[in-house]
Amino acid sequence: MHVDIGAALASAADPGVERATLEDLDERVAAAHERIEQGRNDDEFGYASLNLPDATDAQTIRNAVDPVADAESVITVGIGGSALGAKTITEALAEDPDSHVVLDNVDPEHVRRTLDGLSLADTAINVVSRSGTTAETLANFLVVREAYEDRGVDWTERIVVTTGESGPLRALADQHDLPTLPVPEGVPGRFSALSSVGLVPPAILGIDIEGLLTGGRAAADDLAPSLYDSPAYAYGAMAYALEEEGAIVNAVMPYAERLESFGEWFAQLWAESLGKDGRGQTPARALGATDQHSQLQLYRAGHRDKVVTFVRPRERADVPIPEPDHEDLSYLAGTDLGGLIDAEYEATVASLPAADRPALEVEIDRLDAENLGELLYAMEAACVLVGELADVETFTQPAVEWGKNATRALIRGEDTEETAVIDDRERLRIGETESL
Ligand SMILES: O=P(O)(O)OC[C@H]1O[C@H](O)[C@H](O)[C@@H](O)[C@@H]1O
(Lines give C-alpha, C1' and ligand atoms only; values in the text may rest on other atoms or scores of the structure.)
Protein backbone atom coordinates (compact mmCIF):
# COMPACT_ATOMS: atom_id res chain seq x y z
CA MET A 1 0.00 0.00 0.00
CA HIS A 2 1.16 3.50 -0.61
CA VAL A 3 -0.19 6.97 -0.01
CA ASP A 4 0.43 10.00 -2.21
CA ILE A 5 0.01 13.30 -0.37
CA GLY A 6 1.33 15.58 -3.13
CA ALA A 7 -2.07 16.85 -4.26
CA ALA A 8 -2.88 18.05 -0.75
CA LEU A 9 0.23 20.17 -0.19
CA ALA A 10 -0.22 23.94 0.01
CA SER A 11 1.73 24.25 -3.24
CA ALA A 12 -1.07 22.28 -4.94
CA ALA A 13 -4.28 23.16 -3.16
CA ASP A 14 -6.18 25.37 -0.77
CA PRO A 15 -6.83 24.11 1.85
CA GLY A 16 -3.42 22.51 1.71
CA VAL A 17 -0.54 21.69 4.03
CA GLU A 18 2.76 23.56 3.95
CA ARG A 19 5.84 21.33 3.85
CA ALA A 20 7.16 23.20 6.92
CA THR A 21 3.95 22.35 8.78
CA LEU A 22 4.50 18.71 7.95
CA GLU A 23 8.07 18.86 9.23
CA ASP A 24 6.79 20.25 12.55
CA LEU A 25 3.99 17.73 12.63
CA ASP A 26 6.43 14.89 12.14
CA GLU A 27 7.80 15.45 15.65
CA ARG A 28 4.27 15.14 17.03
CA VAL A 29 3.78 11.99 14.94
CA ALA A 30 6.87 10.50 16.60
CA ALA A 31 5.44 11.28 20.06
CA ALA A 32 2.03 9.92 19.09
CA HIS A 33 3.63 6.76 17.73
CA GLU A 34 5.38 6.25 21.04
CA ARG A 35 2.06 6.66 22.86
CA ILE A 36 0.36 4.22 20.48
CA GLU A 37 3.14 1.64 20.88
CA GLN A 38 2.91 1.98 24.65
CA GLY A 39 -0.83 1.40 24.49
CA ARG A 40 -0.31 -1.62 22.25
CA ASN A 41 2.32 -3.08 24.55
CA ASP A 42 -0.02 -2.70 27.54
CA ASP A 43 -3.07 -3.93 25.58
CA GLU A 44 -4.75 -0.74 26.73
CA PHE A 45 -8.41 -0.18 25.84
CA GLY A 46 -8.64 0.86 22.19
CA TYR A 47 -4.94 0.60 21.43
CA ALA A 48 -5.35 -3.18 21.76
CA SER A 49 -7.22 -2.97 18.43
CA LEU A 50 -3.91 -2.52 16.68
CA ASN A 51 -2.76 -5.91 18.02
CA LEU A 52 -5.58 -7.87 16.40
CA PRO A 53 -3.60 -9.27 13.46
CA ASP A 54 -1.49 -11.16 16.01
CA ALA A 55 -4.15 -11.67 18.66
CA THR A 56 -6.86 -13.13 16.40
CA ASP A 57 -6.72 -16.89 16.07
CA ALA A 58 -8.06 -17.76 12.62
CA GLN A 59 -8.27 -21.45 13.49
CA THR A 60 -10.64 -20.78 16.41
CA ILE A 61 -12.93 -18.93 14.01
CA ARG A 62 -12.70 -21.72 11.45
CA ASN A 63 -13.56 -24.30 14.13
CA ALA A 64 -16.56 -22.27 15.29
CA VAL A 65 -17.98 -21.96 11.77
CA ASP A 66 -17.30 -25.57 10.83
CA PRO A 67 -20.88 -26.75 11.56
CA VAL A 68 -22.25 -24.12 9.14
CA ALA A 69 -19.42 -24.15 6.60
CA ASP A 70 -21.70 -25.85 4.05
CA ALA A 71 -24.02 -22.81 3.99
CA GLU A 72 -24.41 -21.10 0.64
CA SER A 73 -25.05 -17.74 2.20
CA VAL A 74 -24.81 -15.92 5.50
CA ILE A 75 -27.13 -13.48 7.17
CA THR A 76 -25.44 -11.15 9.64
CA VAL A 77 -27.56 -9.69 12.40
CA GLY A 78 -25.57 -6.82 13.85
CA ILE A 79 -25.12 -3.08 13.44
CA GLY A 80 -22.32 -0.53 13.22
CA GLY A 81 -18.99 -2.03 14.16
CA SER A 82 -20.65 -5.40 14.52
CA ALA A 83 -21.63 -5.49 10.85
CA LEU A 84 -19.59 -3.12 8.69
CA GLY A 85 -16.23 -4.92 8.90
CA ALA A 86 -17.71 -8.22 7.74
CA LYS A 87 -19.77 -6.42 5.10
CA THR A 88 -16.69 -4.65 3.75
CA ILE A 89 -14.64 -7.83 3.63
CA THR A 90 -17.24 -10.04 1.97
CA GLU A 91 -18.23 -7.37 -0.53
CA ALA A 92 -14.59 -7.05 -1.53
CA LEU A 93 -13.59 -10.70 -1.51
CA ALA A 94 -16.54 -13.11 -1.71
CA GLU A 95 -16.99 -14.83 -5.06
CA ASP A 96 -20.70 -14.06 -4.91
CA PRO A 97 -21.20 -10.66 -3.24
CA ASP A 98 -24.89 -11.49 -2.67
CA SER A 99 -23.94 -14.45 -0.49
CA HIS A 100 -23.66 -12.19 2.56
CA VAL A 101 -26.77 -10.33 3.63
CA VAL A 102 -26.61 -7.83 6.47
CA LEU A 103 -29.60 -7.04 8.62
CA ASP A 104 -28.44 -3.96 10.45
CA ASN A 105 -31.49 -1.79 10.05
CA VAL A 106 -34.91 -2.45 11.56
CA ASP A 107 -36.88 -1.17 8.61
CA PRO A 108 -39.68 -3.76 8.72
CA GLU A 109 -40.25 -3.88 4.96
CA HIS A 110 -36.57 -4.41 4.30
CA VAL A 111 -36.30 -7.15 6.92
CA ARG A 112 -39.36 -8.95 5.58
CA ARG A 113 -38.23 -8.76 1.95
CA THR A 114 -34.72 -9.89 2.83
CA LEU A 115 -35.93 -12.94 4.71
CA ASP A 116 -38.49 -13.79 2.02
CA GLY A 117 -35.74 -13.77 -0.58
CA LEU A 118 -33.48 -16.23 1.23
CA SER A 119 -33.42 -20.01 1.25
CA LEU A 120 -33.05 -20.24 5.03
CA ALA A 121 -32.10 -23.93 5.03
CA ASP A 122 -28.94 -22.93 3.12
CA THR A 123 -28.26 -19.77 5.11
CA ALA A 124 -26.07 -19.50 8.20
CA ILE A 125 -26.95 -16.90 10.85
CA ASN A 126 -24.16 -14.72 12.24
CA VAL A 127 -25.38 -12.71 15.24
CA VAL A 128 -22.93 -10.15 16.54
CA SER A 129 -23.19 -7.65 19.36
CA ARG A 130 -20.30 -6.57 21.51
CA SER A 131 -22.58 -5.33 24.28
CA GLY A 132 -25.25 -7.97 23.66
CA THR A 133 -27.88 -5.33 24.33
CA THR A 134 -28.31 -3.35 21.08
CA ALA A 135 -32.04 -3.08 20.41
CA GLU A 136 -31.86 -3.35 16.60
CA THR A 137 -29.73 -6.48 16.75
CA LEU A 138 -31.74 -8.25 19.42
CA ALA A 139 -35.03 -7.41 17.72
CA ASN A 140 -33.82 -8.61 14.34
CA PHE A 141 -32.43 -11.76 15.92
CA LEU A 142 -35.86 -12.61 17.35
CA VAL A 143 -37.48 -11.96 13.96
CA VAL A 144 -34.90 -14.07 12.10
CA ARG A 145 -35.25 -16.90 14.60
CA GLU A 146 -38.99 -16.97 14.13
CA ALA A 147 -38.64 -16.93 10.33
CA TYR A 148 -36.46 -20.07 10.53
CA GLU A 149 -39.00 -21.74 12.83
CA ASP A 150 -41.87 -20.81 10.51
CA ARG A 151 -40.06 -22.50 7.64
CA GLY A 152 -39.24 -25.58 9.68
CA VAL A 153 -35.48 -24.95 9.80
CA ASP A 154 -33.66 -25.52 13.10
CA TRP A 155 -31.98 -22.14 13.63
CA THR A 156 -29.92 -23.46 16.54
CA GLU A 157 -28.07 -25.66 14.01
CA ARG A 158 -27.37 -22.79 11.60
CA ILE A 159 -26.04 -20.11 13.93
CA VAL A 160 -22.80 -18.62 15.25
CA VAL A 161 -22.99 -15.94 17.94
CA THR A 162 -20.23 -13.42 18.70
CA THR A 163 -20.75 -11.43 21.87
CA GLY A 164 -19.29 -10.32 25.21
CA GLU A 165 -19.31 -12.12 28.52
CA SER A 166 -22.66 -10.75 29.65
CA GLY A 167 -25.88 -9.27 28.33
CA PRO A 168 -29.10 -10.71 26.90
CA LEU A 169 -27.44 -12.10 23.77
CA ARG A 170 -24.93 -14.04 25.87
CA ALA A 171 -27.80 -15.31 28.05
CA LEU A 172 -29.74 -16.49 24.98
CA ALA A 173 -26.64 -18.17 23.56
CA ASP A 174 -26.11 -20.01 26.86
CA GLN A 175 -29.79 -20.90 27.17
CA HIS A 176 -29.85 -22.52 23.70
CA ASP A 177 -26.30 -23.85 23.90
CA LEU A 178 -25.26 -21.99 20.74
CA PRO A 179 -21.71 -21.95 19.35
CA THR A 180 -20.29 -18.66 20.59
CA LEU A 181 -17.16 -16.69 19.89
CA PRO A 182 -15.94 -13.97 22.26
CA VAL A 183 -15.45 -10.35 21.22
CA PRO A 184 -11.82 -9.26 21.60
CA GLU A 185 -10.90 -7.55 24.85
CA GLY A 186 -10.29 -3.81 24.73
CA VAL A 187 -11.42 -3.38 21.13
CA PRO A 188 -14.30 -1.02 20.27
CA GLY A 189 -16.63 -2.43 17.61
CA ARG A 190 -15.51 -0.13 14.82
CA PHE A 191 -11.92 -1.35 15.24
CA SER A 192 -12.82 -5.05 15.30
CA ALA A 193 -12.97 -6.03 11.61
CA LEU A 194 -9.89 -8.22 11.97
CA SER A 195 -11.37 -10.32 14.77
CA SER A 196 -14.22 -12.80 15.22
CA VAL A 197 -16.53 -9.77 14.90
CA GLY A 198 -15.58 -9.26 11.25
CA LEU A 199 -14.28 -12.63 10.17
CA VAL A 200 -17.11 -15.12 10.71
CA PRO A 201 -18.99 -14.48 7.43
CA PRO A 202 -15.74 -14.41 5.43
CA ALA A 203 -14.70 -17.71 7.04
CA ILE A 204 -18.05 -19.32 6.19
CA LEU A 205 -17.80 -18.09 2.60
CA GLY A 206 -14.31 -19.52 2.12
CA ILE A 207 -12.42 -16.22 2.16
CA ASP A 208 -8.74 -16.27 3.10
CA ILE A 209 -9.07 -14.86 6.63
CA GLU A 210 -5.45 -15.77 7.38
CA GLY A 211 -4.47 -13.54 4.43
CA LEU A 212 -6.45 -10.66 5.91
CA LEU A 213 -4.53 -11.03 9.16
CA THR A 214 -1.21 -11.29 7.30
CA GLY A 215 -2.02 -8.02 5.54
CA GLY A 216 -2.91 -6.40 8.86
CA ARG A 217 0.40 -7.58 10.27
CA ALA A 218 2.27 -6.05 7.32
CA ALA A 219 0.58 -2.71 7.97
CA ALA A 220 1.44 -2.96 11.67
CA ASP A 221 5.08 -3.56 10.75
CA ASP A 222 4.96 -0.41 8.62
CA LEU A 223 4.11 1.85 11.57
CA ALA A 224 7.15 4.00 12.27
CA PRO A 225 7.99 7.15 14.24
CA SER A 226 7.92 9.31 11.10
CA LEU A 227 5.07 10.01 8.73
CA TYR A 228 7.58 9.85 5.89
CA ASP A 229 8.21 6.18 6.70
CA SER A 230 4.65 5.07 7.33
CA PRO A 231 1.81 5.30 4.77
CA ALA A 232 -0.84 4.96 7.49
CA TYR A 233 0.60 7.82 9.52
CA ALA A 234 1.18 9.91 6.39
CA TYR A 235 -2.53 9.61 5.65
CA GLY A 236 -3.55 10.34 9.24
CA ALA A 237 -1.17 13.28 9.64
CA MET A 238 -2.40 14.84 6.40
CA ALA A 239 -6.04 14.33 7.31
CA TYR A 240 -5.38 16.03 10.65
CA ALA A 241 -3.40 18.90 9.11
CA LEU A 242 -6.01 19.42 6.40
CA GLU A 243 -8.77 19.61 9.00
CA GLU A 244 -6.73 22.25 10.80
CA GLU A 245 -6.62 24.15 7.49
CA GLY A 246 -10.39 23.94 7.07
CA ALA A 247 -10.97 20.63 5.24
CA ILE A 248 -13.65 19.50 7.65
CA VAL A 249 -15.17 17.03 5.18
CA ASN A 250 -13.36 13.90 4.06
CA ALA A 251 -14.98 12.38 0.98
CA VAL A 252 -13.79 8.84 0.46
CA MET A 253 -13.99 7.79 -3.19
CA PRO A 254 -12.87 4.25 -3.99
CA TYR A 255 -12.46 3.35 -7.65
CA ALA A 256 -13.77 -0.19 -7.23
CA GLU A 257 -17.37 -1.29 -6.77
CA ARG A 258 -16.11 -3.95 -4.38
CA LEU A 259 -14.87 -1.19 -2.08
CA GLU A 260 -18.14 0.71 -1.84
CA SER A 261 -18.83 -0.63 1.67
CA PHE A 262 -15.29 0.28 2.65
CA GLY A 263 -16.53 3.89 2.52
CA GLU A 264 -19.32 2.99 4.94
CA TRP A 265 -16.89 1.25 7.28
CA PHE A 266 -14.50 4.22 7.10
CA ALA A 267 -17.36 6.61 7.83
CA GLN A 268 -18.14 4.93 11.14
CA LEU A 269 -14.47 4.67 12.07
CA TRP A 270 -13.80 8.34 11.38
CA ALA A 271 -17.07 9.78 12.69
CA GLU A 272 -17.42 7.86 15.95
CA SER A 273 -13.74 8.04 16.78
CA LEU A 274 -12.96 11.63 15.90
CA GLY A 275 -16.26 13.52 16.12
CA LYS A 276 -15.64 15.00 19.56
CA ASP A 277 -15.00 18.26 21.37
CA GLY A 278 -16.44 20.29 18.49
CA ARG A 279 -14.13 18.80 15.92
CA GLY A 280 -13.63 15.86 13.55
CA GLN A 281 -13.86 15.54 9.78
CA THR A 282 -17.29 14.64 8.45
CA PRO A 283 -16.88 11.52 6.31
CA ALA A 284 -18.66 11.65 2.97
CA ARG A 285 -19.10 8.69 0.64
CA ALA A 286 -18.59 8.59 -3.09
CA LEU A 287 -17.81 5.91 -5.66
CA GLY A 288 -15.52 6.29 -8.64
CA ALA A 289 -16.13 6.57 -11.50
CA THR A 290 -19.91 6.80 -10.92
CA ASP A 291 -19.86 9.88 -8.70
CA GLN A 292 -17.66 11.83 -11.09
CA HIS A 293 -20.97 12.36 -12.78
CA SER A 294 -22.69 13.73 -9.69
CA GLN A 295 -20.71 14.77 -6.60
CA LEU A 296 -17.49 15.84 -8.30
CA GLN A 297 -19.00 19.19 -9.24
CA LEU A 298 -19.24 20.03 -5.53
CA TYR A 299 -15.81 18.68 -4.72
CA ARG A 300 -14.13 20.84 -7.39
CA ALA A 301 -16.22 23.98 -7.08
CA GLY A 302 -18.14 24.01 -3.80
CA HIS A 303 -17.02 25.22 -0.36
CA ARG A 304 -13.31 24.91 0.32
CA ASP A 305 -14.04 22.60 3.23
CA LYS A 306 -13.23 19.21 1.73
CA VAL A 307 -10.50 16.76 0.92
CA VAL A 308 -11.22 13.84 -1.37
CA THR A 309 -9.53 10.55 -0.48
CA PHE A 310 -9.12 8.39 -3.57
CA VAL A 311 -8.64 4.66 -3.07
CA ARG A 312 -7.85 2.14 -5.80
CA PRO A 313 -6.34 -1.25 -6.49
CA ARG A 314 -3.56 -0.92 -9.08
CA GLU A 315 -4.24 -4.31 -10.70
CA ARG A 316 -7.61 -5.80 -11.47
CA ALA A 317 -9.22 -8.39 -13.71
CA ASP A 318 -10.10 -6.71 -16.95
CA VAL A 319 -12.85 -6.66 -19.55
CA PRO A 320 -11.86 -5.68 -23.09
CA ILE A 321 -14.03 -3.08 -24.78
CA PRO A 322 -15.30 -4.52 -28.09
CA GLU A 323 -14.25 -2.81 -31.30
CA PRO A 324 -16.53 0.23 -31.74
CA ASP A 325 -18.46 0.58 -34.99
CA HIS A 326 -18.69 4.33 -34.94
CA GLU A 327 -15.78 6.66 -35.63
CA ASP A 328 -16.63 8.96 -32.70
CA LEU A 329 -15.88 6.00 -30.42
CA SER A 330 -12.58 5.14 -32.06
CA TYR A 331 -10.70 6.38 -28.97
CA LEU A 332 -12.03 3.28 -27.19
CA ALA A 333 -10.53 0.90 -29.76
CA GLY A 334 -8.06 -1.54 -28.24
CA THR A 335 -8.82 -0.43 -24.70
CA ASP A 336 -10.54 -2.18 -21.82
CA LEU A 337 -12.75 -1.19 -18.90
CA GLY A 338 -9.77 -1.26 -16.51
CA GLY A 339 -7.90 1.15 -18.75
CA LEU A 340 -10.93 3.39 -18.84
CA ILE A 341 -11.48 3.44 -15.07
CA ASP A 342 -7.75 4.08 -14.51
CA ALA A 343 -7.83 6.97 -16.96
CA GLU A 344 -10.87 8.36 -15.15
CA TYR A 345 -9.07 7.96 -11.84
CA GLU A 346 -5.96 9.81 -13.06
CA ALA A 347 -8.05 12.55 -14.62
CA THR A 348 -10.23 13.04 -11.57
CA VAL A 349 -7.38 13.09 -9.06
CA ALA A 350 -5.56 15.67 -11.16
CA SER A 351 -8.74 17.69 -11.65
CA LEU A 352 -8.84 18.61 -7.96
CA PRO A 353 -5.46 20.33 -7.55
CA ALA A 354 -6.12 21.82 -11.01
CA ALA A 355 -9.06 23.55 -9.29
CA ASP A 356 -6.86 24.27 -6.26
CA ARG A 357 -8.62 21.60 -4.15
CA PRO A 358 -6.85 18.89 -2.12
CA ALA A 359 -6.78 15.16 -2.84
CA LEU A 360 -5.13 12.26 -1.05
CA GLU A 361 -4.41 8.96 -2.78
CA VAL A 362 -4.34 5.52 -1.18
CA GLU A 363 -3.34 2.71 -3.52
CA ILE A 364 -3.17 -1.00 -2.87
CA ASP A 365 -1.59 -3.53 -5.24
CA ARG A 366 -4.77 -5.49 -5.85
CA LEU A 367 -8.01 -6.29 -4.09
CA ASP A 368 -7.11 -9.53 -2.34
CA ALA A 369 -7.18 -10.63 1.29
CA GLU A 370 -3.69 -9.43 2.18
CA ASN A 371 -4.08 -6.02 0.59
CA LEU A 372 -7.51 -5.50 2.10
CA GLY A 373 -6.23 -6.48 5.56
CA GLU A 374 -3.44 -3.96 5.09
CA LEU A 375 -5.84 -1.23 4.03
CA LEU A 376 -8.24 -1.76 6.95
CA TYR A 377 -5.46 -1.85 9.50
CA ALA A 378 -3.72 1.20 8.01
CA MET A 379 -6.92 3.26 8.17
CA GLU A 380 -7.47 2.23 11.79
CA ALA A 381 -3.90 3.25 12.65
CA ALA A 382 -4.39 6.54 10.77
CA CYS A 383 -7.53 7.18 12.79
CA VAL A 384 -5.78 6.46 16.08
CA LEU A 385 -3.00 8.84 15.06
CA VAL A 386 -5.49 11.62 14.25
CA GLY A 387 -7.09 11.06 17.66
CA GLU A 388 -3.71 11.51 19.33
CA LEU A 389 -2.87 14.64 17.35
CA ALA A 390 -6.32 16.14 17.97
CA ASP A 391 -6.25 15.06 21.62
CA VAL A 392 -9.70 13.47 21.58
CA GLU A 393 -10.93 10.26 23.19
CA THR A 394 -10.74 8.11 20.08
CA PHE A 395 -12.19 4.96 21.57
CA THR A 396 -15.42 6.17 23.15
CA GLN A 397 -18.74 7.23 21.61
CA PRO A 398 -20.73 8.99 24.35
CA ALA A 399 -22.84 10.99 21.92
CA VAL A 400 -24.27 7.79 20.43
CA GLU A 401 -25.41 6.55 23.82
CA TRP A 402 -27.96 9.35 24.24
CA GLY A 403 -30.03 8.11 21.32
CA LYS A 404 -29.76 4.49 22.43
CA ASN A 405 -31.04 5.36 25.92
CA ALA A 406 -33.80 7.55 24.56
CA THR A 407 -35.00 4.80 22.18
CA ARG A 408 -35.12 2.23 24.95
CA ALA A 409 -37.09 4.59 27.19
CA LEU A 410 -39.58 5.36 24.41
CA ILE A 411 -40.15 1.67 23.70
CA ARG A 412 -40.60 0.91 27.37
CA GLY A 413 -42.93 3.88 27.82
CA GLU A 414 -40.72 5.33 30.55
CA ASP A 415 -40.45 9.01 31.45
CA THR A 416 -36.80 9.95 31.47
CA GLU A 417 -34.66 13.03 30.93
CA GLU A 418 -34.29 11.95 27.30
CA THR A 419 -38.00 11.39 26.66
CA ALA A 420 -38.73 14.83 28.19
CA VAL A 421 -36.37 16.33 25.63
CA ILE A 422 -38.20 14.46 22.87
CA ASP A 423 -41.59 15.72 24.11
CA ASP A 424 -40.38 19.29 24.46
CA ARG A 425 -38.39 19.64 21.29
CA GLU A 426 -39.19 22.61 19.13
CA ARG A 427 -41.39 21.96 16.11
CA LEU A 428 -42.55 24.11 13.26
CA ARG A 429 -44.64 21.85 11.08
CA ILE A 430 -45.56 22.94 7.58
CA GLY A 431 -48.25 21.06 5.69
CA GLU A 432 -49.18 19.00 8.71
CA THR A 433 -52.15 16.70 8.07
CA GLU A 434 -52.62 15.02 11.36
CA SER A 435 -50.51 14.80 14.50
CA LEU A 436 -48.87 11.49 15.31
O1 LIG B 1 -21.83 -4.46 19.01
P2 LIG B 1 -22.91 -3.71 19.68
O3 LIG B 1 -22.71 -3.60 21.15
O4 LIG B 1 -24.26 -4.26 19.35
O5 LIG B 1 -22.85 -2.24 19.15
C6 LIG B 1 -23.12 -1.88 17.83
C7 LIG B 1 -22.87 -0.40 17.64
O8 LIG B 1 -23.67 0.24 18.62
C9 LIG B 1 -23.46 1.61 18.92
O10 LIG B 1 -24.23 2.39 18.11
C11 LIG B 1 -22.04 2.03 18.98
O12 LIG B 1 -21.93 3.40 18.97
C13 LIG B 1 -21.23 1.44 17.86
O14 LIG B 1 -19.89 1.76 18.05
C15 LIG B 1 -21.41 -0.04 17.84
O16 LIG B 1 -20.61 -0.56 16.80
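Check the entry above for the structure.
Residues numbered from 1 in each chain as written. Predicted model: local features only at pLDDT ≥ 70, side-chain atom pairs only at ≥ 80, totals over all residues. Heavy atoms only, no water.

## Observations concerning a nonpolar patch on the surface
Applied cut-off: Residues enter a patch when their relative accessible area is above 30% and they make no salt bridge; the linking distance is 9 Å between like charges and 5 Å between nonpolar side chains (Val, Leu, Ile, Met, Phe, Trp, Tyr). The accessible surface values rely on the Shrake-Rupley method and a 1.4 Å probe; as for residues, cover is taken only from the protein chains in view. Whenever a carboxyl oxygen of Asp or Glu lies within 4 Å of a side-chain nitrogen of Lys or Arg, that contact is scored as a salt bridge. Helix and strand labels come from DSSP, where a helix needs a run of H or I of at least four residues and a strand needs a run of E of at least two; each type is numbered from the N terminus.
A grouping of V319, L337 and L340 is seen on the molecular surface, where their side chains present a nonpolar patch of about 230 Å² in accessible area. The residue V319 is located in the loop between β9 (306-315) and α13 (337-354) in this model.

## A short note on the pairing of β9
Put simply, the rule reads: Exposure is judged per residue with a 1.4 Å probe applied to protein chains only, and the accessible area is read against the type maximum: over 50% gives exposed, under 20% gives buried, and values in between give partly exposed. When DSSP finds two or more bridges between two strands, those strands count as paired. Orient the strands so they point away from the viewer, and a crossover whose first-strand-to-second-strand path over the helix runs clockwise is right-handed.
Summarising burial for β9: eight of the 10 residues are buried, a large majority. Examined bridge by bridge, strand β7 (residues 249-254) and β9 share six bridges and lie parallel to one another. Looking across to β9, one finds that V249 is bridged to K306. When β9 meets strand β10 (residues 359-366), the two strands line up parallel, connected through seven bridges. Bridged to V308 within β10 is A359. Taken together, β9, α13 and β10 form a β-α-β motif whose crossover is right-handed.

## Topic: the packing of helix α4 (residues 84-93) against helix α11 (residues 260-274)
The axes of two packed helices give the description: the angle between them and the distance between them. Stated formally: Simply put, an axis is a line fit to the C-alpha atoms, just over the touching stretch for a helix, and the angle between two N-to-C directions goes from 0 to 180 degrees. Roughly parallel means an angle under 35 degrees; roughly antiparallel means over 145; roughly perpendicular covers 65 to 115; every other angle is labelled oblique. Should the near helix be turned counterclockwise from the far one by less than a right angle, the crossing is left-handed, whereas a clockwise turn marks it as right-handed. Contact definition: two residues touch when any of their heavy atoms are within 4.5 Å. For this classification, the nonpolar set comprises Ala, Val, Leu, Ile, Met, Phe, Trp, Tyr, Cys and Pro, the charged set comprises Asp, Glu, Lys and Arg, and every other residue, Gly included, is treated as polar.
Where α4 meets α11, the closest approach of the two axes is 8 Å, and the angle between their N-to-C directions is 160°. Considered as vectors, α4 and α11 are oriented roughly antiparallel to each other. Judged by the sense of rotation from one axis to the other, the crossing of α4 with α11 is left-handed. Residues L84, G85, K87, T88 and E91 of α4 pack against E260, S261, F262, E264, W265 and Q268 of α11. Here the contact of α4 with α11 is composed, by residue class, of three nonpolar, four polar and four charged.

## A word on the sheet that holds β10
With mixed pairing, the five strands of this open sheet are ordered in space as β1-β10-β9-β7-β8. Either end of the sheet is taken by a strand with one partner, and the two such strands are β1 (2-4) and β8 (282-285). The mean angle between the axes of side-by-side strands here comes to 25°, regardless of whether they run parallel or antiparallel. Across four bridges, β7 lies against β8 in parallel orientation. Paired with V252 across the strands is R285, a residue of β8. Against the sheet, helix α10 (residues 231-244) engages β1, β7, β9 and β10, with an angle of about 160° to β10. Sitting on the sheet, helix α14 (residues 369-390) touches β9 and β10, and the angle it makes with β10 is about 150°.

## Observations regarding the site of the ligand
Under the convention used in this document: If even one non-hydrogen atom of a residue comes within 4 Å of a molecule or strand, that residue is called near it. We call two N or O atoms a polar contact when they sit within 3.5 Å, provided that within protein one can donate a hydrogen and the other can accept it, with sequence-adjacent residues counted only if both atoms are side-chain atoms.
Every one of the 14 residues lining the ligand counts as a neighbour, but S82, S129, S131, T134 and E272 are closest to it. Contact between the ligand and R130: an oxygen atom at 2.7 Å from a main-chain N or O atom of the residue. Within the side chain of K404, an N or O atom sits 3.1 Å from an oxygen atom of the ligand. When the free accessible area of the ligand is taken as 390 Å², the share hidden by the protein chains comes to 89%.

## Some thoughts on the environment of P225
Relative to the assigned elements, P225 resides in the loop between α9 (209-221) and α10. On the accessibility criterion, P225 (48% relative accessible area) is partly exposed. Sequence separation between P225 and I61 is 164 residues; the distance between their C-alpha atoms is 33 Å. In this structure, P225 is in contact with D26, V29, A30 and H33, ignoring residues within four places of it in sequence.

## Focus: the side chain of S261
Among the secondary structure elements, S261 is positioned in helix α11. Judged by its relative accessible area of 4%, S261 falls in the buried class. If near-sequence neighbours (up to four positions away) are discounted, S261 is found in contact with K87, T88 and E91.

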